[in-house]
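# Results of the structural survey
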Amino acid sequence: MDLPPLQRFTIGAFSSFVFVSLGSAKADTAKGSSNFMRRNIARTVTGVAIVAGLVAACGSEGENGAAGTSGANGTASSAAAAPSSGDGAPASSGADAGQAGGEAAQKVTAAIQQALQQSPITFTTESAELSEKSKTALGEIAKAMQGNDVKIMVATHAGYPDAEKSKALSEKRAEAIATALEGAGVAKDRVKTEATGNEKAQGDKALDTQITVAQ
């Protein structure tokens with residue numbers, strides 16, 4: 001067994017002490033001195049007790065040191081392992097979700113642009129009725145919105161000089177678009193509407209409708 005230096009030194013000292021004491025005891029015995037013999041025996045017993053105590057203390061110190069080192073290492077290892085576990089899955093999941101959401105938004109944006117280029121969603125004067133071409137365009141946009149949670153913003157206008165009348169008509173136009181998208185499979189809460197009346201467009205421009213991916 002590999003003993004610490006202090007423990008080896010203590011055991012060596014103990015052995016020397018016992019050897020010398022026993023030698024003295026034998027010499028005293030040979031001289032017939034009983035008093036010397038008793039004193040040597042007493043010293044020997046005392047020395048044994050002292051050395052035994054030192055040996056025990058060394059052993060205890062070694063065990064405590066090993067336990068402390070082991071505990072510190074274990075704590076450090078646990079502390080080092082915890083961030084790794086904590087940082088792993090959430091970060092990856094968040095990045096994947098963000099990437100998937102971005103790709104879906106790009107897909108819907110492309111579909112909106114293509115559909116509106118082919119068939120712009122417009123209304124006739126004083127009407128909130130959608131043309132067949134406008135319904136077809138909305139159907140293409142609805143297809144791109146399947147399988148994701150992307151929301152869109154629909155902005156409608158009306159060009160009446162009367163602000164209240166324009167507001168009411170633009171609201172009807174926004175409702176008509178939201179209803180058409182709902183009929184094509186898009187939940188109504190995914191379609192945000194902005195009925196601006198005559199605040200943002202007048203004249204022929206008020207007949208047009210803008211659709212974008214909601215932020």
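In case you missed it, the structure is sitting above this.
Attention here is on the structure that accompanies the text. (Residues numbered from 1 in each chain as written. Predicted model: local features only at pLDDT ≥ 70, side-chain atom pairs only at ≥ 80, totals over all residues. Heavy atoms only, no water.)

Taken in spatial order, the 3 strands line up as E2-E1-E3 in an open sheet, and their pairing is mixed. The sheet is open, and its two edges are formed by strand E2 (191-195) and strand E3 (210-213), each paired on a single side. Averaged over neighbouring strand pairs, the angle between their axes works out to 20° when direction is ignored. Summarising the sheet, strand E1 (residues 152-156) and E2 pair through 5 bridges and their orientation is parallel. Counterpart to Met153 in the pairing with E2 is Lys192. (Pairing = 2+ DSSP bridges. Helix = DSSP H or I, 4+ residues; strand = E, 2+ residues; numbered from the N terminus. Axes fitted to C-alpha atoms, helices over the stretch in contact; angles between N-to-C directions.)

So, on to the pattern of salt bridges. Counting across every chain of the model gives 5 salt bridges. Two residues, Glu132 and Lys135, come together in a salt bridge whose shortest N-O distance is 3.7 Å. Highlighted residues: Glu132 and Lys135, both in helix H3 (residues 132-144), separated by 3 residues, approximately one helical turn. Taken together, the salt bridges that share partners define one network made up of Glu175, Glu182 and Lys188. (Salt bridge = Lys/Arg side-chain N within 4 Å of Asp/Glu carboxyl O.)

We now examine the nonpolar core. With 25 residues, the main nonpolar core has Ile152 and Ile211 as its most contacted residues. Those elements that provide at least two residues to this core are helix H2 (34-118), H3, E1, helix H4 (163-183) and E3. With 6 residues, the top contributor of residues to this core is H2. (Core = buried A, V, L, I, M, F, W, Y, C linked by side-chain atoms within 4.5 Å. Buried < 20%, exposed > 50% of the residue type's maximum accessible area, 1.4 Å probe, protein only.)

The next point concerns H3. Between its first and last C-alpha atoms H3 spans 19 Å; for 13 residues at 1.5 Å apiece the expected length is 18 Å, and the two agree. Every buried residue of H3 is accounted for by Ser134, Ala137, Leu138, Ile141, Ala142 and Ala144. Angularly, the buried residues of H3 cover 155° about the axis, an arc narrow enough to put them on a single face. For H3, the exposed residues lying more than 90 degrees away from the buried face are Glu132, Lys133, Thr136 and Lys143. (Expected span 1.5 Å × (residues − 1). Arc of directions from axis to C-beta.)

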